[in-house]
Amino acid sequence: MFAYLLDGLRFVCLEGSWTLKPHEAKTLNAAIDRLPADNAERARRQLSQRFFVERQSNGRIPCFRYYQVHGNNLLADPFHTGTHFINVRLKASSRNITAKCVLHEGVVFGLEFPKPQRFFKGNPVEVTAVSCDTAGFSYTDVLDRAEHGSGKID
């Protein structure tokens, strides 16, 4: 109950919602379709549960905060441990960009976009390609370095 109230406050402050934006849904569906059939089904079951989309960095990083994830809905190996990225090439406003679907510890954790949310508003989005990223490159890491520097804190 308390989690719903906090999410309601985030919603009022325009920091998230219980629904996906059209470009987020299109990106997420393309990424899930790239997964093996059993993991795709588990991912869809995760996303059919109630969750809140918390948006950070002007909507560049929507994270999914599940209220409850059942163990039988966790993704199987190789996606069960660590962090994995699925690259989704999008064409929006006659520009090609690459969004990332983030899978973390067996959960569809969120998305990462190189452009803010306002870039997609009113622009049709088309998926042009989908691939898995083995390098582990993350837009979140880039934003974090830009905001906090490259030094590590011990």
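Figured I'd write up the structure that's included with this text. (Residues numbered from 1 in each chain as written. Predicted model: local features only at pLDDT ≥ 70, side-chain atom pairs only at ≥ 80, totals over all residues. Heavy atoms only, no water.)

The subject of this paragraph is unusual backbone geometry. With an omega dihedral of 5°, the bond running from Asp77 to Pro78 counts as a cis peptide bond. Of note in this structure, Ser94 is not a glycine but carries a positive phi near 60°. Mapping Ser94 onto the fold places it in the loop between β4 (83-92) and β5 (95-104). Taking the relative accessible area as the measure of exposure, Ser94 reaches 68% and is therefore exposed. (Helix = DSSP H or I, 4+ residues; strand = E, 2+ residues; numbered from the N terminus. Buried < 20%, exposed > 50% of the residue type's maximum accessible area, 1.4 Å probe, protein only.)

A separate point is the pattern of salt bridges. Applying the stated rule across the entire model yields three salt bridges. Of the charged contacts in the structure, one is a salt bridge between Arg44 and Asp33, with a shortest N-O distance of 2.4 Å. Note that Arg44 is positioned in helix α3 (residues 37-48) and Asp33 in helix α2 (residues 22-34), a separation of eleven residues in sequence. We classify Arg44 as partly exposed; its relative accessible area is 37%. Exposure remark for Asp33: the relative accessible area of 52% places this residue in the exposed category. Across the salt bridge formed by Glu54 and Arg65, the nearest N and O atoms sit 3.2 Å from each other. Of the two residues, Glu54 is situated in strand β2 (residues 51-56) and Arg65 in strand β3 (residues 61-66); the sequence distance between them amounts to eleven residues. (Salt bridge = Lys/Arg side-chain N within 4 Å of Asp/Glu carboxyl O.)

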